[in-house]
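Chains, contacts and geometry: an overview
Listed below, chain by chain, are the residues.
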Amino acid sequence: MKDVELKMLERAKALLESGEVARVIGWKKGDFCHDPSPASFESVEELDSFVYDYFCGANLSKYLIQMSKKEGKTAVFLKPCDSYSFNQLVKEHRIKRENVYVIAVECLGKLDIEKIKAKGVSFVTGVEVQDKEVKVTTPYGEEVLSKPDVVLTKCATCNKTHQVKDEEIILHERPERDVNRFEEVEKLEAMTEDERFAYWRAQLSKCIRCNACRNVCPACSCVKCVFDNPASGIAAKANDDKFEEQLFHIIRAFHVAGRCTDCGECSRVCPQNIPLHLLNRKFIKDIDGLYGEYQAGETDEGKTPLTSYTEGDAEPNDVFKGEAK
Amino acid sequence: MQEVTTEKKEFTPNIVAFCCNWCSYAGADLAGSSRLTYPANVKIIRVPCSCRVNPTFVLKAFQQGADGVILCGCHPGDCHYVTGNYYTRRRMALLYSFLNYMGIEKERTRVEWVSAAEGARFSAVMNDFVAQVTALGENKRLTDLRVKEGE
Amino acid sequence: MQRIGVFICWCGSNIAATVDVEKVAEVIKSEPGVVYSANYQYMCSENGQQLIKQAIKEHNLTGIVVGACSPRMHEATFRKAAEAAGLNPYMVEIANIREHCSWIHKDMDEATEKAVILVRTAIAKVKLNAPLTAGESPVVKRALVIGGGIAGIQAALDIADAGFEVDIVEKNATIGGRMAQIDKTFPTLDCSACILTPKMVDCAQHEKIDILSYSEVEDVKGFVGNFSVTIRRKARYVDETKCTGCKICMEKCPSKKGLNTFNMGLNTRPAIHIPFAQAIPNVAVIDAEQCIKFKTGKCGICQKFCGVGAIDYEQKDSFIERQYGAIVVATGFKPIELTAFNEYGYADNKDVITSLELERLMNAAGPTNGVLLRPSDGQHPKVITFIQCVGSRDTSGCGKPYCSKICCMYTAKHAMLIREKYPDTEVHVFYIDVRTPGKNYDEFYRRAVEQYGVDYIKGMVGKVYNENGKLMVQGSNLIDNEQITIESDLVVLAAAIEPEPSVRKIATLLTASIDTNNFLTESHAKLRPVESPTAGVYLAGVCQGPKDIPETVSQASACAAKVIGLLAKDKLKTNPCVATPDETMCNGCSQCANVCAYGAITYVEKEFRLGGGKTEIRRVASVNPAVCQGCGACTVTCPSGAMDLKGFSSKQIMSEVDAICKK
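Residues numbered from 1 in each chain as written. Chains lettered and ligands numbered in written order. Predicted model: local features only at pLDDT ≥ 70, side-chain atom pairs only at ≥ 80, totals over all residues.

Helix and strand content of chain A: 12 helices and 9 strands. The C-alpha radius of gyration of chain A comes to 21 Å, within 12% of the 20 Å expected for a compact globule of 325 residues. Within the span of chain A, comprising 325 residues, buried residues form 43% of the whole. (Helix = DSSP H or I, 4+ residues; strand = E, 2+ residues; numbered from the N terminus. Rg over C-alpha atoms; globule rule 2.2 N^0.38 Å. Buried ≥ 20, exposed ≤ 12 C-beta atoms within 10 Å, placed from the backbone.)

This is the structure:
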C-alpha cells in the first residue's frame, strides 16, 4: 500500500505544480493511524499530510459536487466503488465532468476500526496487511487478525471495478471473488413478517437521527433535503411523533432507489451500527429481480429503473407471489 | 366521531383510497350511480393520475392511523397521461415489497387498476380490500416503530 | 385568515335520503376556518348557485367547499359561480357526498358520518388552495378526421364548409366505409350508394379537404389546439397522382383469385384493383400478398399496360407529420367474428350468411349483380330464415352484452325487400325483442309484418344443421310455446357489431378512454356525448356506441360543430393545474424530464444568491405550462420535493390524508 501512496503523492504533486489542476481531493492523516479524513489539497506543501492506506474507506465523489464548480480543475482519487457514485452524479448533472481529473486508485478492501476494536484490540498504532492477514500494532504488542473479519462491511462483498478514469494507479490487482452481496437481504426475506418487523424495530430504534447516513450518501445530495424543509410535511421535528425514524429511513431508501450504487457509506458512518445498506440492497435486489439487473453508476447517462418501464412489468400485487411461505 | 368503548366495538378499518381522476375515480362514480355498495370506511382522495401518489402520502396515511392504503389507476396502457401508471406500477411494486421487508403486513397495501367502466369492479375491489384489512386488524406497525426494544 | 363557506346539496333526495344534510351543515359550522355553512335542495340550480354567490360576497369567503355530486359532474359549474362572485375559481373544492357516499351507503348514521369526513377533507384541502389563473395556448386551425366512413365524411364536410382545413385519414384504399357496402337504407329504402357517393365526391372535390386514403395514424403528440400527428401512408404500389382509374390493370392482372373484401369475400378480384366502381380516390392498389410480381419477382403485366406509368413496385410506406387543432375519431365498426357460434353452422354451411353478406348479395353491383342467389349452388332460395341477436345482448361471454341497435331495422328491411322482389319466398325471423324506436321505424317494421307478411317468431334458435341439402333451423316459438324446425334454403345471421379493432391503438395514442367493449367513452353520457374526456378529441359514429346512419350523421355534424367552435378560437385557456418547480430546491438532476410524457420539462442555468455576496450558477428545471398536462409523474420522481403540482400539491394531498385518518 505504501508504494501506491507514494505514486499517488507523486502524481498529486506533479498535477499541482504544473498547474494542471487547482486542487487534489484525497485523504489527510488524522490524529490516529485509523482516522484519515477526506481533504482538499491546494498546494504541494499541504500534501505533507496526504495519506492513502487501509483506513481510507471514505467515498470522495460527493465532494466533487461543490469542488467541480470551483475555478480550475479538480483532481480526485477514486476507488472502484467511488467511481459508480461519481458516474451517477455526472448523470444527474451534479458534477461537471469536464472540470474533474479522475485518477483511479487500487483498493484491496478497507479496514473497519470498530471491527478491530470489537476483536479486543485497542490503541491501534499501525496495521500491515499480508494477503488475508492483518498484523495490528499496539503499544502492547502485535496482534494478527483475519482480514475478512475486520474489513468494512461494504468491502466484504465488493466486486466493483473502476468505471471511470483519466489515469490509473494500480500496482496490485484485486482478484475476482465469488460473493453474494444479497445474502443478508435473503436471510431477512426468509424470515416471517413478525421477525422482520422485530428486527427492523430493534435496528431502527437505535437511530439517533444524526443524519450522518444522509450527509455521507452521494445520492442524498439534494440542494435542500425534504427532511430539512418544513414545507415538505415530513421534515423532522424534535420528538414530533413516534413514526420518525422509520419514515426517515423508508423515504430515504426510496429516494435513492435506482440511484444508489451500493457504495455502503451509510453503514460505514452510522454511529449506531445500523445495517442501513440492507435497506438499499433490498431495493437493488428487487429491481434486479423485477426489471433486470441494473447497477447504478455503471454509466453516466441513461434512465434509472424508476424513470423507465416496460409494458409487461410485474404488478405490485404480484411481487409477493413466489414467496416461499 | 362516535364514542364507543373500544372493547365492544367491532373493528372497522380506516381505508384511504387514492384514485386517479380519469379512470378509477370515474369508476367509483359509476359504482355510486349503479348503487353498488362498499363499506363507508373507504375514503377516496382524488389525484390527477396514480403517478401523482408519492410514497410519502402512503406512509403519511399509515402514520396518521390508516389501516390500509389502496391505490387505483387506469389499466396499464390506458393511462390518460400516456405513461403515468407505468411509473406508478414500478414505484408501488418496489415500495410495497420494501414495506413488507420492513415487516409491514403486505395485505395492508394494494394497487388495483380500475377503469371508468368498471363500477362493479371498483365496488368488488373495495369490499375485498376492506375484508382483507379487517381480518388483519389495526395497523400498529407503521405507527410505533420508535417504541424502544423491550417495551 | 381563511374564511371558508360550506354548501351541502341535497340533490333532491339523492343525497338527503341517506345523508342527514342539515346535521352535516351544522357539524361543519364548528370547523376551524368555516364561517358559513348552508344546505339547499339543488346547489347546482340557478337558486343554489345564487346562494353560493351571495354567501361569497356577504361573508367575504376566501374559499368554498360544495358537498354535492362528483366533481366530474359539477366542479366546473361551481367554479363558474365562484368566479362570477369574484372568487378565484380554483378556490373551490367539491366533497363527493353523492356517488361516493349517499348512493352507496344505506345506513343514515354511517353515511352522515362519512359525509362529514369527506367535507372536512375538502375543507382541509381548500385551505391550502391557491388562486390559479389559466394560461393560453394557440390553436392550429386544421382538423384531423380518423376514418372515412359516413361519420368521417359528414364531419369533414361540415368542418370544411365552415372554412377550416380537414384531413381524412382512411386505412382502406377508398373512403366510403360500411355504408358503401350497404344496398338500401331504412326506413326509406333508398339506395345507399346513391346518397353516399355524392358525398364522397364532395369530399374529393372540396378544396379544404385532403383525403389520405390507405393511411393510418402512427403517432400522436401534443394536446388540444396543437396535436402533432404522424401518419403512415401505406405503400399502394400505385402512384396516386398518376393513376387515372382506367382499370386496364384490373383487366390484365393474371392473379384474379383474391377474395373481394368489399363484397365480404363472396367473389374474387385481381391483385391490383380499385375496391369498387365509385371509389374515392379512384386509384388502384396492389395487394402485395396476392401479386405475382411480389411473390415471384416475375410478371409486371400491370406496369406494362399502364398508360400513365403509375405502377411503382418499389414504393415504400412513407410518413408525414401534420399539426391539428382538433381530432375526430370515426373509426366505425365491423361485424363480430362468428367462430364462437358453432350452433348456427356459419363456418360449415355456405348458405348461412351474415346480414352484411346479404347486403352484397342483393346489391346490383354485388357478386350476383343484385339477383338473390344462394352462395352454395347459385339457386334462388325459397325459404329464408333470419336469426336476430347473434352475439348481441349476450351475457354468456361468447358475444357482446350490448344491443347492436341496427339489426332489428335492417332485418325488417331485408325481409321486406326480399318479399317485394321475390313474392314466392317465405321469410321467417327469429327474434328476442323487436326494437324500433325512431322516426318512422315502427311503422316500417309493421309494414314488413302486415303488408309483406314476414313471419316473425319470438324465440331463440338453438341449432342450425344441414340435412339433405336443407338448412334445418331448430328454435322455440315462445308465443305458441313449442319447438319448431324450419326447413330453409338460406339462413341470415344478424351478427353483432363491434368497434373496428384498430380503435384500441388509436385510443391509446390519443389517451382517450375506452370501455370494456372497446367503445370510446364520451365525456358525459348525456350532456357531452360527442366529446372524448381527452380535450380536443371528438367521437362520431359507432366507435362511440352502436348507432344507425341517421344517428351517425347527426353525431358527426355535432362533432363538426364542436370542432368548428374550437378552431374558431385563436387561443385556448390552458389547465392551470400544472407542475411547477421550486428552483431554490431543484437539483437539476433531470429525473423529472425522464418521466414527462409530454416533453414539458427543460433545464436552464440560473444564478442563485448564496448569501455573503456570493452567487452560484445552477441547472434547474423549467416547466412549459402550455405543454404540461398536470399528471404529477415528475413530482414523485423529484427526490428533493422541488417539483409540485398546482391544485394537487403535496401539502394539499397530505392534508386530505390527515383529515381522513384523524381519529
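What follows continues from the structure just given.
Each helix and strand counted, chain B has 4 helices and 4 strands in total. Going residue by residue from the N terminus, the α and β elements of chain B occur as β-α-β-α-β-α-β-α. Scored against the burial criterion, the 151 residues of chain B give a buried share of 70%. Across chain B, every contact between residues at least 6 apart in sequence was considered, and the portion connecting residues at least 24 apart equals 82%. (Contact = placed C-beta atoms within 7 Å.)

In this complex, chain C contributes 18 residues to the contact, which on the side of chain A involves 15 residues. Looking at the side of chain C that touches chain A, the elements with two or more residues in it are α16 (591-595), β33 (614-623) and α18 (650-661) of chain C. Considered class by class, the residues forming the side of chain C that touches chain A number 6 nonpolar, 9 polar and 3 charged. (Nonpolar A, V, L, I, M, F, W, Y, C, P; charged D, E, K, R; others polar.)

Working note: regular strand, side chains alternate between the two faces of the sheet. Residues and elements named next belong to chain C. As judged from the 4 bridges shared by strand β22 (residues 426-431) and strand β23 (residues 455-458), these two strands associate in the parallel manner. Opposite H428, over in β23, you have D455 as the bridge partner. Where the polypeptide runs from β22 across helix α13 (residues 441-451) and back to β23, its parallel neighbour, the crossover connection is right-handed. (Pairing = 2+ DSSP bridges. Right-handed = clockwise from strand over helix to strand, strands pointing away.)

Looking now at the sheet that holds strand β26 (residues 482-488) of chain C. Residue and element names in this part refer to chain C. Spatial strand order, β24-β25-β26: 3 strands in an open sheet with antiparallel pairing. Either end of the sheet is taken by a strand with one partner, and the two such strands are β24 (461-467) and β26. In this sheet, neighbouring strand axes are inclined to one another by 20° on average, regardless of whether the strands run parallel or antiparallel. Relative to β26, strand β25 (residues 470-477) runs antiparallel, the two sharing 7 bridges. Bridge pairing links Q474 to T485 in β26. (Axes fitted to C-alpha atoms, helices over the stretch in contact; angles between N-to-C directions.)

Residues and elements named next belong to chain C. Taken in spatial order, the 5 strands make up an open sheet running β20-β27-β21-β22-β23, and their pairing is parallel. Of all strands in the sheet, those with a lone pairing partner are β20 (352-354) and β23, marking the two edges. Along the sheet, successive strands turn relative to each other by an average axial angle of 25°, direction set aside. The pairing of strand β21 (residues 383-390) with β22 spans 5 bridges and is classified as parallel. Bridge assignment links F386 to a residue of β22, and that residue is V429.

Below, the discussion takes up the interface of chain C and chain B. Contacts between chain C and chain B engage 46 residues on the former and 43 residues on the latter. If you list the elements that add at least two residues to the side of chain C that touches chain B, you get α3 (71-84), α4 (98-102), α5 (108-126), α17 (633-637) and α18 of chain C. In terms of residue class, the side of chain C that touches chain B is built from 20 nonpolar, 14 polar and 12 charged.

As a further point, take the nonpolar core. In terms of nonpolar packing, the biggest core is built from 221 residues, with V16 of chain B together with I64 and V119 of chain C touching the most fellow members. Residue contacts for I64 of chain C: discarding those within four places in its chain leaves I4, G5, F7, I52, I56, A82, L87, M91 and V92 of chain C. Ranked by size, the runner-up nonpolar core spans 135 residues in total, among them I182, F430, A448 and A495 of chain C. (Core = buried A, V, L, I, M, F, W, Y, C linked by C-beta atoms within 7 Å.)

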